[in-house]
Amino acid sequence: MLKVKSEKELRLQFGFPKINSKRLKQMSSSQLKIELAETIRHYNSKGWSPATSTNYSFKDEMGSIWVSKSGIDKSLFQSNDFITVTNEGVSSGEFEGLKPSAETLIHCAIYELFPETTVILHSHSVYPVLISSQLADKLIVSGYEIQKGFEGQTTHDNTIEIPIFDNTQDITAFAKTLFQNKSKIQNHTFLMRKHGTYAWGRTLFEAKRHLETLEYLCQCEWMVQRNS
Ligand SMILES: [Zn+2]
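Residues numbered from 1 in each chain as written. Predicted model: local features only at pLDDT ≥ 70, side-chain atom pairs only at ≥ 80, totals over all residues.

### Some points on helix α2 (residues 29-45)
In this model, α2 (17 residues) spans 24 Å end to end at C-alpha, consistent with the 24 Å of a helix rising 1.5 Å per residue. Within α2 the residues assigned to the buried category are Leu 32, Leu 36, Ala 37, Ile 40 and Tyr 43. For α2, the angular spread of buried residues about the axis comes to 130°, placing them on one side. Along α2, exposed side chains directed more than 90 degrees from the buried face belong to Ser 30, Gln 31, His 42 and Ser 45. Backbone geometry just downstream of α2 places Gly 47 in the positive-phi region, at approximately 85°. (Helix = DSSP H or I, 4+ residues; strand = E, 2+ residues; numbered from the N terminus. Expected span 1.5 Å × (residues − 1). Buried ≥ 20, exposed ≤ 12 C-beta atoms within 10 Å, placed from the backbone. Arc of directions from axis to C-beta.)

### What about the sheet that holds strand β7 (residues 189-192)?
If you walk across this open sheet you meet the eight strands as β3-β2-β1-β4-β8-β7-β6-β5, and the pairing is mixed. Since the sheet does not close on itself, it has two edges, and those belong to β3 (82-85) and β5 (138-142), each with one partner. Adjacent strand axes in the sheet meet at a mean angle of 20°, parallel and antiparallel pairs treated alike. In this structure, strand β2 (residues 65-68) lies alongside β3, joined through four bridges in antiparallel fashion. Residue pairing across strands places Ser 68 opposite Phe 82, the latter belonging to β3. Along the sheet, α2 makes contact with β1 (56-59), β3 and β4 (119-123), crossing β1 at roughly 160°. (Pairing = 2+ DSSP bridges. Axes fitted to C-alpha atoms, helices over the stretch in contact; angles between N-to-C directions. Contact = placed C-beta atoms within 7 Å.)

### Details of the nonpolar core
In this structure, Leu 36, Val 119, Ile 120 and Ala 207 are the most contacted members of the largest nonpolar core, which totals 45 residues. If one sorts the elements of this core by residue count, helix α6 (residues 204-227) sits on top with six residues. Not counting residues up to four positions away in its chain, the partners in contact with Ile 120 are Tyr 56, Ser 57, His 107, Ile 110, Tyr 198, Trp 200 and Ala 207. (Core = buried A, V, L, I, M, F, W, Y, C linked by C-beta atoms within 7 Å.)

### Re helix α3 (residues 104-113)
The buried fraction of α3 amounts to seven of the ten residues, a majority that puts the element mostly inside the structure. Buried within α3 we find Thr 104, Leu 105, Ile 106, His 107, Cys 108, Ala 109 and Ile 110.

### A short note on the confidence of the model for the protein
Confidence along the protein averages 89 in pLDDT terms, with 89% of residues attaining 70 or more. Predicted confidence is poor over residues 10-22, with pLDDT under 50, and the contacts of this stretch with residues over four places away or in other chains come to four contacts. (pLDDT = per-residue confidence, 0-100.)

What follows is the structure, encoded as C-alpha cells:
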C-alpha cells in the first residue's frame, strides 16, 4: 500500500525550504553579516555585481542600518565590510568619515517606506537591465508559477506589476521618487532602468526569495520578447 509521506519526510527527501514563523525570526547581526556576505559573494559568482557595483544592507536588533562599504570587489566581500549609517545615509559611530555606498539613501528610503524590512539586496544582473531598457514604466507578468515567490502572492493566476523607475545619479531625487510612488511598489521590489533591481524582506531568506523571483521573471520576459 502506498504510504503518504509526511511534510517532514518530503522536506528531507527533496530539500524543500521550511517556511514557518521561525523563518521570520531575524538572526543576530553578527550571524547576519556572515550570511549576507556569503550571499553577496554568491551573487557575484552569478555575474550580478560586476566591477565592484551593487550594494546591500541590513537593520540590526537595535534598529541601526548597516550598509556595504563602497568600492569593494564583491567576490572578496567579507562580514566586516559593512558600516553603520544614520537614517539620512551618513556613516556613523566608529565608521564616521568612511564612505558608504553611493546608493545608501535608497536603502534608507526603503526602510522608512516599508518599516518591516530588515534586509535589502541590490543586483546589476543582465536580464533586468535588458528588459527595463525595452519597457515604459512597469514590468507586467502573469501566469508564472514563480510569482508565488513574492510574499502575499498565492497563485500563478494573477497579474503583477513591478515598477520601473528611471536611473539617475541624483540619489536624493530618486529617494523622493520612491516616496511619491509607494502605492506602485507592491511586491517588495522595483527596477531601475538599465541599472538593476532592488528587493527587500523581513529576513535575509525572504529578501533573497524576492530578488531571485524578480530575476527569474525578467529572464523569462526577456526571452519571450526576443522570440515574439
Ligand atoms: Zn546600482
